[in-house]
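Results of the structural survey
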Amino acid sequence: MLQTTLQSIRALIVFTLIAGFACPLIVIGIAQVAFNEQANGSLILQNGKIAGSRLIGQAFSDPKYFWGRPSATSPMPYNGASSSGSNQGPTNPALKEAVEGRIKDLGGKTPVPADLVTASGSGLDPHISPAAAEYQIERISKARGVPEDRLRELVKKYTESRQLGVLGEPRVNVLELNLALDGINK
């Protein structure tokens with residue numbers, strides 16, 4: 001019986017070292033070598049400082065910036081620790097009220113691209129559709145004094161196409177677009 005207990009303890013130690021330490025270190029090592037940027041959070045650096053991540057949206061409310069999708073995380077928008085959808089279906093009066101309020105906040109001009117008034121499933125989406133970016137160009141042009149055509153060129157430059165040509169929809173990373181927008185005003 002003592003021998004069986006000692007064998008069990010040794011097996012526990014060996015498998016803890018393998019599964020708890022060796023395997024995670026190997027996976028981390030492979031990720032750091034093969035996918036360094038992604039393994040470190042897909043961070044965007046500006047002037048040597050972290051401006052944000054390509055993968056997590058940020059709240060922009062200043063009229064001179066492009067605004068991203070509303071975030072369902074609360075009380076802080078784009079809070080990765082509370083990533084979740086709102087779980088409000090199309091027949092939920094709270095969703096209708098929220099969408100109407102967001103349309104009003106956008107100036108009431110309709111039709112409004114859906115991604116400007118509805119939160120993504122995770123509540124952290126860093127992208128908007130090219131149509132959502134186009135919808136905001138007039139406001140940003142007035143706020144910054146930048147010609148609308150120049151803003152359209154910038155949106156086109158920062159529009160990412162479908163992955164592998166067929167997956168997903170064209171999209172614009174709001175943080176990258178806003179950083180480029182700041183660059184044209186310098």
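First things first, this report covers the structure right here in the doc.

Criteria and cut-off values
Residues numbered from 1 in each chain as written. Predicted model: local features only at pLDDT ≥ 70, side-chain atom pairs only at ≥ 80, totals over all residues. Heavy atoms only, no water. Pairing = 2+ DSSP bridges. Helix = DSSP H or I, 4+ residues; strand = E, 2+ residues; numbered from the N terminus. Patch = residues over 30% accessible without salt bridge, like charges linked within 9 Å, V, L, I, M, F, W, Y side chains within 5 Å. Areas by Shrake-Rupley, 256 points an atom, 1.4 Å probe, with all protein chains shown as cover. Salt bridge = Lys/Arg side-chain N within 4 Å of Asp/Glu carboxyl O. Buried < 20%, exposed > 50% of the residue type's maximum accessible area, 1.4 Å probe, protein only. Phe/Tyr/Trp six-rings, centres within 6.5 Å; stacked < 30°, edge-to-face > 60°. Lys NZ or Arg CZ within 6 Å of the ring centre and 35° of its normal. Core = buried A, V, L, I, M, F, W, Y, C linked by side-chain atoms within 4.5 Å. Axes fitted to C-alpha atoms, helices over the stretch in contact; angles between N-to-C directions. Parallel < 35°, antiparallel > 145°, perpendicular 65-115°, else oblique. Left-handed = near helix turned anticlockwise from the far one by under 90°. Contact = heavy atoms within 4.5 Å. Nonpolar A, V, L, I, M, F, W, Y, C, P; charged D, E, K, R; others polar.

Moving on: the pairing of strand β1 (residues 43-46). Taken together, the 4 bridges between β1 and strand β2 (residues 49-53) define a ladder with antiparallel strand orientation. Across the sheet, L45 pairs through a bridge with I50, a residue of β2. Linking β1 back to β2 in an antiparallel pair, the connection comprises 2 residues, with N47 at a positive phi of about 55 degrees.

In this section: a nonpolar patch on the surface. Side chains of L2, L6, I9, I13, L17, F21, L25 and I28 sit close together on the surface and give an oily, nonpolar patch of about 820 Å² of accessible area. Looking at the element boundaries, L25 is found in helix α1 (residues 2-34). On the basis of relative accessible area, L25 is assigned to the exposed category, the value being 58%.

Ring pairs (aromatic) are described by centroid distance and by the angle formed between their planes. Per the stated rule, a full pass over the model turns up 1 aromatic pair. Their ring planes at 40 degrees and their centres at 5.5 Å tell us that F60 and Y65 sit as a pair that is tilted. Judged by relative accessible area, which is 16%, Y65 ranks as buried. Here R139 stacks its cationic end above the ring of W67, 3.7 Å away from the centre of that ring. Here the guanidinium or amino end of R144 rests over the ring plane of Y65, the centre of that ring lying 4.9 Å away.

Further remarks concern the nonpolar core. For soluble globular proteins, the rule of thumb is that nonpolar side chains tend to be buried together. If you look at the biggest cluster of nonpolar residues, it comprises 28 residues, and the most contacted ones within it are F66, L106 and V155. Looking at this core, the elements that each hand over two or more residues are α3 (93-105), α4 (130-144), α5 (148-157) and α6 (174-184). A total of 6 residues in this core trace back to one element, the largest contributor, which is α6.

Turning next to the packing of α4 against α5. The geometry of α4 relative to α5 is characterised by a closest axis approach of 9 Å and an angle of 140 degrees between their N-to-C directions. One element, α4, and the other, α5, form an angle in the oblique class. Viewed along their axes, α4 and α5 form a crossing whose handedness is right-handed. Of α5, the residues touching α4 (which contributes A133, E134, I137, E138, I140 and S141) are E148, L151, R152 and V155. Its residues assigned to classes, the contact of α4 with α5 shows 5 nonpolar, 1 polar and 4 charged.

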